[in-house]
Amino acid sequence: MASSGVLRVPKVVGVVLILMALALGAAGAWLAAIGGSWYYVIAALALLIVGELLRRGSPWAITLYAALVAATIAWALWEVGLDWWPLAARLDVWFVIGLLLLTPWVSGRASAPHSSRFALVAVLAVALVVAGLSWLRDPHDLEGKLAASQVSATPDGVPPGEWHAYGRTGYGQRYSPLNQLTPANVNQLQVAWQFHTGDLRGKPGDPVETTDEVTPLKIDNRLFLCTPHQSVIALDATTGAQIWRYDTQVADKLALQHLTCRGLSYQAPKAATATSAPAAQPTCPAKLFMPTADGRLVALDPKTGTLCSNFGGGKGQIDLWANMPNLMPGSYYSTSPVVVTDKLVIIGGTVLDNLSTKEQSGVIRAFDIETGALVWNWDSGNPDTTTPIAAGEHYTANSPNSWSISSVDEKLGMVYVPMGNQPPDQWGGNRSPAVERYSSSVVALDLATGKVRWVFQTVHHDLWDYDVPSQPSLVDLNIAGATVPALVQPTKQGELFVLDRRTGTPVLPVTEVPAPQGAAQGDHSAPTQPKSALSYEPPKLTGRDMWGATMFDQLACRIAFQRLRYEGRFTPPSTQGSLIYPGNFGTFNWGGVSVDPQRQIAFTTPTYLAFVSRLVPRPNDTSLMVQSDGPPKGSLPALNENFGAPFAIELGPFTSPIGIPCQAPPWGYVAGADLTTGQIAWKHRNGTVRDLSPLPFTFEMGVPNLGGPITTAGGVAFLSGSLDNYVRAYNVTSGSQLWEARLPAGGQATPMTYTGADGRQYLLVVAGGHGSTGTKAGDSVIAYALPAK
């Protein structure tokens, strides 16, 4: 009986291959019919014959299969070259089947001659050689070096060992002049202390995007940070011991889309002058400012953690809902730290994305830093009137907002505001001239009056949620021997615009390039879009770029790709479904880049993920179009419904049937660029899939990043935002990785560095996880330092 069962093995394998061939042929024919590759049809026909020959016990089955694998290797090399991961998706199933056919239970029972088995062994050996060669080289890697310091260091107004603002200073460079950590010793970093905030996501009412994105401040020997659920904590910077904690007591049952706090802002005490007249000291000569999720701006005493009673009419806080249209608690608030100047505190805010055409205003407001009185307001829907709004009046509803972090140059008297888009993001048929001018732009406002000094638009008539996501970095560049006050603006679509921050004119050339046309009914597309000389624009995707764990899900991705509308970057959204690449996750997002002012370079972390955007026609202003399981629970209606617009929007990442990206890796890099020339000197894939796959593989595929980098005068950069729960150090000159440490949770925040009371340079990382990316939740604040001497 056992012998009879063994004799049937080739027949069983043959039947399995026939069924596989039929499925492969049907899907392959579909792909070919819609303009894709014919390979799968041809391979399916060959596999069908192999299966039938096996079922009949023919010795020719092994020979034909060897020819099929040889042809597949040649086809795969023609399509993708020696690129390991795309090759693996094309060859892995064929290789496994080949090993099965070589077993004595199959080839032996099929009476395959030695020559046939030898041919198959040889072909599989060639596959292994090709795989080995592709493993040893990376066609996506760019080797190079950045220049050493080009200009002398200048004081930036912050003590070298401290970190006074989100980007360390109001310039937003994310650069530290500390140099104790170097490429020679950074691999000796070890945990100095760890603090747990006790603030974990998963509480009742938490939105999916409950995230820990905070970059702490360091003033004197104290660290100050905020938590996702809106507590403010002060720690001893050298030991990590808690000094005080303040709960902002945010209202519950809010219609929140995001629950996060990216950071606090600090007002330093004013220095007394010899000529100043004696005056009563304010209750808080120094202040910490905390924007809350229920729409307040709270001022705290850094010493005690108590409210500053002289701010906000004795309340220690101001209500950001004042004069705001369309009251809906939780739908307007600020997730980003405010701008602090000598006299003002300046704040924008976020609104709910793609909910309706009746959202709150995107007004930017400046308040007196001592009293909280409104000094000016700039409303992008009413941009010419900046005098304080009268009681009982409302700002313009649904005007473009600024949810990210602004920068400031007090010497030039300007605040630089990265602007978002007017909801809905993917349809703009009713936008006003003011909206068209200020959406997805960098706007320079006069500090004294709030008037527009200049505006630079990064995307014309934005239909892709390509709002300006990150803080502009201000740096003085040496261009042809002259010092140019510059602004570096990263964008979601992959451009790094380098502008003269006095006028908004480009320092590195910007050209207008033709863009795809054919927007949805009632809308239009801009004929051109701006492109910088310093661009991280990815190559246009083709069917060859589709990927999967096997040839089957790779084939499914190729079919999905062919069915979508795609004409390159800026393909308009459509009812057919459009491929948006880069997607609105962004080549760069709120973490921005780090700028080294001495070396005149940027350390960057480009991410490449494609999204699918499909417009869904709305029959009226009230029907739920996107959710099919009835009205949502709670106070927040379905996002992406776009009530009031002619279309709802289905938006999501372009993934395979098993949930992995349809585009081949790498999806994330670290890269170094010269800001004076626009040249990208080096670019390396970054991060592993250890925390993204069912099994803890440490394959360095290059994973997405969310959270910014920092650089130091010691020539070392740090990054914790890659989606694999590591913090890493890099050589700024070459981009090579120098050190890594495992994090207890996702590190989707920008690190910072400072000097402790013991004289050691510390690296501080917040590992609390990110809800929308699915990284592990936590509540850790971890300080690393070299071993104490």
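In this text, all values refer to a predicted model and were calculated from it rather than measured experimentally.

J.: Kindly report on the overall build of the chain, identifying the contributing residues and their values.
T.: In terms of regular secondary structure, the chain is built from nine helices and 41 strands. Computed over C-alpha atoms, the radius of gyration of the chain comes to 29 Å, within 12% of the 28 Å expected from 2.2 N^0.38 for 789 residues, which places it in the range of a compact globule. In terms of overall dimensions, the chain has a C-alpha envelope of 105 × 70 × 55 Å along the principal axes. Sequence-distant contacts, at least 24 apart, represent 64% of the contacts inside the chain between residues at least 6 apart. Carbon and sulfur atoms make up 59% of the accessible area of the chain, which amounts to about 29,300 Å² in all. Charge centroids of the chain, computed over 53 positive and 58 negative side chains, lie 7 Å from each other.

J.: Give a detailed account of the environment of Asn421, specifying residues and quantitative values.
T.: Tracing the backbone through its elements, the reader meets Asn421 in the loop between β20 (414–418) and α8 (433–438). On the accessibility criterion, Asn421 (3% relative accessible area) is buried. For the pair Asn421 and Asp156, spaced 265 residues apart in sequence, the C-alpha separation works out to 33 Å. The contacts of Asn421, once residues within four sequence positions are left out, are Pro400, Asn401, Arg431, Ser439, Ser440, Asp462 and Asp467.

J.: I'd love a proper account of the pairing of strand β41 (residues 780–785), names of residues and values included.
T.: By the criterion of burial, β41 is predominantly enclosed, with six of the six residues buried. Burial along β41 is two-sided: Ser780, Ile782 and Tyr784 facing one way and Val781, Ala783 and Ala785 facing the other are all buried. Two elements, strand β2 (residues 190–196) and β41, share six bridges in a ladder whose sense is antiparallel. Bridging from a neighbouring strand, Trp193 pairs with Ala783 of β41. Taken together, the five bridges between strand β40 (residues 761–767) and β41 define a ladder with antiparallel strand orientation. Considered in β41, the bridge of Val766 is made with Val781.

J.: Tell me about the pairing of strand β23 (residues 473–479), residues and numbers included.
T.: Sheet topology places β23 next to strand β24 (residues 482–490); seven bridges connect them, and they run antiparallel. Within β24, the residue paired with Leu477 across the bridge is Val484. In this antiparallel pair of consecutive strands, β23 and β24, the connection spans two residues, and Ala480 shows a positive phi of 55°.

J.: For the environment of Asp294, give the residues involved together with the corresponding values.
T.: Following the sequence through the fold, Asp294 ends up in the loop between β10 (287–291) and β11 (296–300). Leave out the neighbours within four places in its chain, and Asp294 touches Gln249, Val250, Ala251, Leu254 and Trp321. A polar side-chain atom of Asp294 sits 3.1 Å from the main-chain amide nitrogen of Ala251. Engagement of the side chain of Asp294 in a polar contact is seen with the side chain of Thr292, the distance being 2.5 Å.

J.: Just give me the short version of the state of the cysteines, but keep the residues and values in it.
T.: Scanning all chains against the criterion turns up three disulfides. Paired through a disulfide, Cys226 and Cys261 show a sulfur-sulfur distance of 2.0 Å. What sets the handedness of the Cys226 and Cys261 disulfide is the S-S torsion sign, and at about -85° it is left-handed. In this pair, Cys226 sits in strand β5 (residues 222–226) while Cys261 sits in the loop between β8 (258–259) and β9 (265–267), placing the two residues 35 residues apart along the sequence. With a sulfur-sulfur separation of 2.1 Å, Cys284 is cross-linked through a disulfide to Cys308.

J.: So what's going on with the nonpolar core? Which residues, and what values?
T.: Judged by nonpolar contacts, the single largest core of 52 residues is most densely connected at Leu189, Trp193, Phe718, Trp739, Tyr754, Leu763 and Tyr784. It is β40 that provides the largest number of residues to this core, a total of six residues. Ranked by size, the runner-up nonpolar core spans 38 residues in total, among them Leu17, Leu47, Ala127 and Met551.

J.: Lay out the packing of helix α5 (residues 84–102) against helix α7 (residues 114–136) in plain terms, naming residues and giving numbers.
T.: Put simply, α5 and α7 touch, their axes get as near as 10 Å, and they point 155° apart. Taken together, α5 and α7 sit at an angle that is classed as roughly antiparallel. Of the two possible hands of crossing, α5 and α7 adopt the one that is left-handed. In this structure, α5 uses Trp84, Trp85, Leu87, Phe95, Gly98, Leu99, Leu101 and Leu102 to contact α7, whose residues at the interface are Arg117, Leu120, Val121, Leu124, Ala127, Leu128, Val130, Ala131, Ser134 and Trp135. Tallied by class, the residues present in the contact of α5 with α7 amount to 15 nonpolar, two polar and one charged.

J.: An account of the pattern of salt bridges is needed here, citing residue identities and associated values.
T.: For the structure shown, the criterion picks out 26 salt bridges. Among the ionic pairs, Glu537 bridges to Arg569, the shortest N-O distance being 3.3 Å. You can see Glu537 sitting in the loop between β27 (528–532) and α9 (551–563) and its partner Arg569 sitting in the loop between α9 and β28 (578–580), a full 32 residues away along the chain. On the accessibility criterion, Glu537 (30% relative accessible area) is partly exposed. Among the residues examined, Arg569 registers a relative accessible area of 8% and is labelled buried. Sharing partners across several salt bridges, the network here consists of Glu495, Lys531, Glu537 and Arg569.

J.: Before we move on, could you go through the side chain of Thr458 and cite the residues and values that matter?
T.: Inspection of the secondary structure assignment puts Thr458 in the loop between β22 (452–457) and β23. Taking relative accessible area as the criterion, Thr458 reaches 0% and is therefore assigned buried. For Thr458, the side chain forms a polar contact with the main-chain oxygen of Ser440, separated by 2.7 Å. Not counting chain neighbours up to four residues away, the residues in contact with Thr458 comprise Ser440, Ser441, Val442, Val468, Thr491, Gln493, Phe497 and Pro530.

J.: How would you explain the sheet that holds strand β36 (residues 716–719) if you had to name every residue and give the values?
T.: A sheet is described by the order of its strands in space; here five strands give the open sequence β1-β35-β36-β37-β38, paired in mixed fashion. Of all strands in the sheet, those bounded by a partner on one side alone are β1 (175–176) and β38 (737–742). Where strand β37 (residues 726–731) meets β38, five bridges bridge the pair, whose relative direction is antiparallel. By the bridge assignment, Val727 is partnered in β38 with Ala741.

J.: So what's going on with empty space enclosed by the protein? Which residues, and what values?
T.: Inspection of every chain in the model, using the stated rule, returns four cavities of 30 Å³ or more. In this structure, the largest cavity occupies an estimated 110 Å³ of space. What lines the largest cavity is a set of 16 residues, among which Ile346, Ile347, Gly348, Ser404 and Ser406 lie closest to the centre. Residue classes in the lining of the largest cavity are distributed as nine nonpolar, seven polar and no charged.

J.: An account of the packing of helix α2 (residues 9–33) against helix α3 (residues 39–56) is requested, with residue identities and associated values reported.
T.: At a minimum axis distance of 7 Å, the contact between α2 and α3 shows a crossing angle of 165°. Comparing their axes, α3 and α2 come out roughly antiparallel. Along this stretch, α2 crosses α3, giving a crossing that reads as left-handed.

J.: Please give an account of unusual backbone geometry that cites residues and values.
T.: The residue after Tyr581, namely Pro582, is reached through a cis peptide bond having omega 0°. In this fold, Pro582 is placed in the loop between β28 and β29 (594–596). The linkage connecting Pro665 with the following residue, Pro666, adopts the cis geometry, with an omega of 5°. Within the secondary structure, Pro666 is located in the loop between β32 (647–653) and β33 (669–674). Its identity is not glycine, yet Asn326 carries a phi of approximately 55°, on the positive side.

Quick notes on the rules
- Residues numbered from 1 in each chain as written.
- Predicted model: local features only at pLDDT ≥ 70, side-chain atom pairs only at ≥ 80, totals over all residues.
- Heavy atoms only, no water.
- Helix = DSSP H or I, 4+ residues; strand = E, 2+ residues; numbered from the N terminus.
- Rg over C-alpha atoms; globule rule 2.2 N^0.38 Å.
- Contact = heavy atoms within 4.5 Å.
- Areas by Shrake-Rupley, 256 points an atom, 1.4 Å probe, with all protein chains shown as cover.
- Lys, Arg positive; Asp, Glu negative; His and termini not counted.
- Charge placed at Lys NZ, Arg CZ, Asp CG, Glu CD.
- Buried < 20%, exposed > 50% of the residue type's maximum accessible area, 1.4 Å probe, protein only.
- Pairing = 2+ DSSP bridges.
- Polar contact = N/O pair within 3.5 Å; in protein donor to acceptor, adjacent residues only side chain to side chain.
- Disulfide = S-S within 2.5 Å.
- Core = buried A, V, L, I, M, F, W, Y, C linked by side-chain atoms within 4.5 Å.
- Axes fitted to C-alpha atoms, helices over the stretch in contact; angles between N-to-C directions.
- Parallel < 35°, antiparallel > 145°, perpendicular 65-115°, else oblique.
- Left-handed = near helix turned anticlockwise from the far one by under 90°.
- Nonpolar A, V, L, I, M, F, W, Y, C, P; charged D, E, K, R; others polar.
- Salt bridge = Lys/Arg side-chain N within 4 Å of Asp/Glu carboxyl O.
- 1 Å grid on protein atoms, 1.4 Å probe; cavity = no way out; pocket = protein on both sides within 12 Å on 5 of 7 lines; lining within 4 Å.
- Points joined across faces, edges and corners; volume = space filled by probe spheres on them.

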